[in-house]
Amino acid sequence: MAERKLLVLFGSQTGTAQDVAERIGREAKRRRFQCRVEALDSCDVANLIHEQLVVFVCATTGQGDPPDNMKMFWRFLFRKNLPPSSLCQLDYAVLGLGDSSYPKFNFVAKKLHKRVLQLGGNPLLPVALGDDQHDLGPDAVIDPWLLALWDKILALYPLPPGLEIISPDVRLPPKYTLHYLAEDSPHLDGGLIQPTAARAVPSELHPFSARMVSNQRVTAQSHFQDVRLIEFDVTGSGITFSAGDVVMIQPQNCPEDVQQFCQLLRLDPDRRFVLKPTEPGTSLPALLPQPCTIQHLVTHYLDISCVPRRSFFQLLSYFSTNELEREKLQEFSSAQGQEELYSYCNRPRRTTLEALWDFPHTTCAIPPEYLLDLIPRIRPRAFSIASSLLAHPDRIQILMAVVRYKTRLSKPRRGLCSTWLASLNPEQGDVRVPLWVKKGGLKFPADPDTPVIMIGPGTGVAPFRAAIQERVAQGRRGNCLFFGCRQKSKDFYCQAEWEELVTKGFLTLFTAFSRDQEEKVYVQHRIQENRRLVWELLSSGSAHIYLAG
């Protein structure tokens, strides 16, 4: 009989594909498969030739690009020298997650499906194309596709004699077990972030603990939006970047939320624990120190402010001792209850912490070892770098709008990372922020004579500030910027800097202040008014055009 092993590989940018991959992993365990769930870049691609059964779950990002955690896999898979029969032993299925409002809808999943087929793989089903635009989200496609998938898989890999599918009423064991340490055990406190070893270039697994140098509000106090220009010192980090690159920042939960969470779940924040994987071969969470305190876990790891997914309510229903709460949780995790869940969670942007408040009997019954199955980790946030190393050596600056908006919930919604960064005051001591740098999507021309037209309304001007600083430091003059905001007196970021460059002849600047006159004026109006100049730069100067929002 064929060995009943299943490998689920995911490429995920925001965590949705990972969530779906973990759901497939749970369903596989119920069907008695030995199952591993891994990010595509964490698995050794060369070993695919030894696998018999693989399900790929992959998102498409940007303009048809693969997510960051499958880029190496992607390059390997499309190597020209792979023999066409490399994967002839492989039964596989591909589940894609995309958004049909983009032209390259589910491009990565379609291309992956086709490539594995070219390499001799045997597709179990046509590729599934989950769509964010559907009223019920990607689940509208995923639910029926998975039912068909399990029928196919069980026909090829039947259950061992005498074993049945584990009933959905039975709770599966957690991924890790949590072992509390005795109060008096020796402390091995490694501090918050390990300083990056000099040799290693900072990355997600080894962020650099950068000192915040300044945190300055660049909108008028009377303006509705709080926008900050924040500077970090990256001396000694080995970080290098060019205009258009992106800085990744690892945020943390605010102390009030952490305290509330610990109270709701009756957790002692100072308790120390170690994690042990339930199944051999499962790796420990890379970003958690061992041993770790509950306080550190909740502050730096568990994303208690994210909008919870369907899988959260499904797992939560198993802990419920209260019939009313359990019924509601089961409804939220059923296919029929998805519209209800959407209006409870997604539409008002209700957070995980707020959802836990609404199910108090269940929440105080959550076993701590299930926390890592229940709540995803905090994801890093990306910011366009708004400065150049040529103008500001050893420094990274970002231009950041503090995210705050109203929904039907009484409390305003706040962005996790921007709220945290805005709250830090470098004048009150040493403030450190974990960060690393990633290549961005904007590449500026290498030829010094190529003119550049940049359209950057609002904080979209950030990467262009980096580009202009870089180009001015190199003595390049063909810089044309269209900038738009609401009012000249309130949110004209970096006004003095732009005006000085205009005076020195380095910059041609066009501004649109939409609310400073009766009729609204936007950057597109300024482009239209200056169409002759724009056309001349394009036709005779072969200018490059850049747009950031």
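The name that an unreviewed UniProt entry assigns to the chain is NDOR1 oxidoreductase, with the source organism given as Nyctiprogne leucopyga. Per UniProt, the chain has the following entry under Subcellular location (unreviewed entry): "Cytoplasm".

S.K.: So what's going on with the overall build of the chain? Which residues, and what values?
M.R.: Secondary structure summary: the chain contains 18 helices and 21 strands in total. Along the first, second and third principal axes, the C-alpha atoms of the chain reach 85 × 60 × 50 Å. Taken over 549 residues, the chain has a buried fraction of 50%. In the chain, of all internal contacts separated by at least 6 residues, the share reaching a separation of at least 24 is 76%. When the accessible surface of the chain is split by element, carbon and sulfur atoms take 52% of a total near 27,000 Å². With 63 positive and 59 negative side-chain charges, the chain shows a spacing of 3 Å between the two charge centroids.

S.K.: Which residues make up the domain arrangement of the chain, and what values do they have?
M.R.: According to the domain assignment, the chain consists of domain 1 (5-156), domain 2 (208-251 + 380-438), domain 3 (255-374) and domain 4 (452-547). One C-alpha centre belongs to domain 1, the other to domain 2; they are set 35 Å apart.

S.K.: Let's hear about the sheet that holds strand β7 (residues 176-180): which residues, and what values?
M.R.: Spatially, 3 strands are ordered β7-β11-β12 in an open sheet, and the strand pairing comes out antiparallel. With one partner strand each, in any of the chains shown, β7 and β12 (292-293) form the two edges of the open sheet. As paired elements, β7 and strand β11 (residues 272-277) share 5 bridges and run antiparallel to each other. Bridge pairing in β11 links H179 to V274.

S.K.: Pulling in residues and values, what's your account of the pairing of strand β2 (residues 34-39)?
M.R.: Relative to β2, strand β1 (residues 5-11) runs parallel, the two being bridged by 6 bridges. Within the sheet, the bridge partner assigned to V8 lies in β2 and is V37. This β-α-β element, β1 to helix α1 (residues 16-30) to β2, shows right-handed connectivity.

S.K.: Describe the UniProt feature "domain: FAD-binding FR-type" (unreviewed entry) in the chain, and please don't skip the residues or the numbers.
M.R.: When the UniProt feature table is mapped onto this chain numbering, "domain: FAD-binding FR-type" (unreviewed entry) sits at residues 205-445. Secondary structure across residues 205-445 divides into 29% helix and 21% strand, with the first and last C-alpha atoms of the span separated by 32 Å.

S.K.: So, the confidence of the model for the chain: which residues are in play, and what are the values?
M.R.: Low pLDDT marks regions whose predicted coordinates should not be analysed in detail. The predicted model of the chain has a mean per-residue pLDDT of 94, with 97% of residues at 70 or higher. Here residues 190-197 is modelled with pLDDT under 50, and outside its nearest four sequence neighbours on either side it reaches 10 contacts, counting other chains as well.

S.K.: Got a sec to walk through the sheet that holds strand β20 (residues 507-513)? Specific residues and values, please.
M.R.: Strand order across the open sheet formed by 4 strands is β20-β19-β18-β21, with parallel pairing between neighbours. If you trace the sheet from one side to the other, it starts and ends with β20 and β21 (544-547), each paired once. Averaged over all pairs of adjacent strands, the angle between strand axes in this sheet comes to 15°, irrespective of strand direction. Packing against the sheet, helix α16 (residues 495-503) makes contact with β19 (479-485) and β20, and its axis sits at approximately 140° to β20.

S.K.: If you had to explain the packing of helix α14 (residues 462-473) against α16 to someone new, which residues and values would you point to?
M.R.: Here α14 crosses α16 at 35°, and the two axes come no closer than 12 Å. Judged by the twist between their axes, the crossing of α14 over α16 is left-handed. Contact residues: α14 offers R465, I468, Q469 and V472, while α16 offers E497, W498 and L501. Its residues placed into classes, the contact of α14 with α16 shows 4 nonpolar, 1 polar and 2 charged.

S.K.: Which residues make up the environment of G440, and what are the values?
M.R.: For G440, the location among the structural elements is in the loop between β17 (432-438) and β18 (452-455). Sequence spacing of G440 and D245 is 195 residues, and the spatial spacing of their C-alpha atoms is 4.0 Å. Among residues more than four places away in sequence, those in contact with G440 are G244, D245 and V246.

S.K.: Report on helix α13 (residues 416-423), specifying residues and quantitative values.
M.R.: Within α13, 6 of the 8 residues are buried, leaving the element largely enclosed by the surrounding structure. Those residues of α13 lying buried are L416, C417, S418, W420, L421 and A422.

S.K.: Mind laying out the side chain of R31, listing which residues take part and the relevant values?
M.R.: With respect to the helices, strands and loops of the structure, R31 is situated in the loop between α1 and β2. Separated by 2.9 Å, the side chain of R31 and the backbone oxygen of E27 make a polar contact. Look past the residues within four positions of R31 in its chain and what remains in contact with it is R4, W150, L154, L159 and I165.

S.K.: How would you sum up the packing of aromatic side chains? Please name residues and give values.
M.R.: Applying the stated criterion across every chain yields a total of 15 aromatic pairs. With a centroid separation of 6.3 Å and an interplanar angle of 40°, the aromatic rings of F33 and W150 are classed as tilted. One end of the pair, F33, is in the loop between α1 and β2; the other, W150, is in helix α4 (residues 139-156), with 117 residues separating them in the sequence. Among the residues examined, F33 registers a relative accessible area of 5% and is labelled buried. Measuring from ring centre to ring centre gives 6.4 Å for F33 and Y157, while their planes differ by 65°; the resulting arrangement is edge-to-face.

Conventions adopted
- Residues numbered from 1 in each chain as written.
- Predicted model: local features only at pLDDT ≥ 70, side-chain atom pairs only at ≥ 80, totals over all residues.
- Heavy atoms only, no water.
- UniProt positions renumbered as here; feature names shortened; annotations may be inferred.
- Helix = DSSP H or I, 4+ residues; strand = E, 2+ residues; numbered from the N terminus.
- Buried < 20%, exposed > 50% of the residue type's maximum accessible area, 1.4 Å probe, protein only.
- Contact = heavy atoms within 4.5 Å.
- Areas by Shrake-Rupley, 256 points an atom, 1.4 Å probe, with all protein chains shown as cover.
- Lys, Arg positive; Asp, Glu negative; His and termini not counted.
- Charge placed at Lys NZ, Arg CZ, Asp CG, Glu CD.
- Domains from an automatic or database assignment.
- Pairing = 2+ DSSP bridges.
- Right-handed = clockwise from strand over helix to strand, strands pointing away.
- pLDDT = per-residue confidence, 0-100.
- Axes fitted to C-alpha atoms, helices over the stretch in contact; angles between N-to-C directions.
- Left-handed = near helix turned anticlockwise from the far one by under 90°.
- Nonpolar A, V, L, I, M, F, W, Y, C, P; charged D, E, K, R; others polar.
- Polar contact = N/O pair within 3.5 Å; in protein donor to acceptor, adjacent residues only side chain to side chain.
- Phe/Tyr/Trp six-rings, centres within 6.5 Å; stacked < 30°, edge-to-face > 60°.

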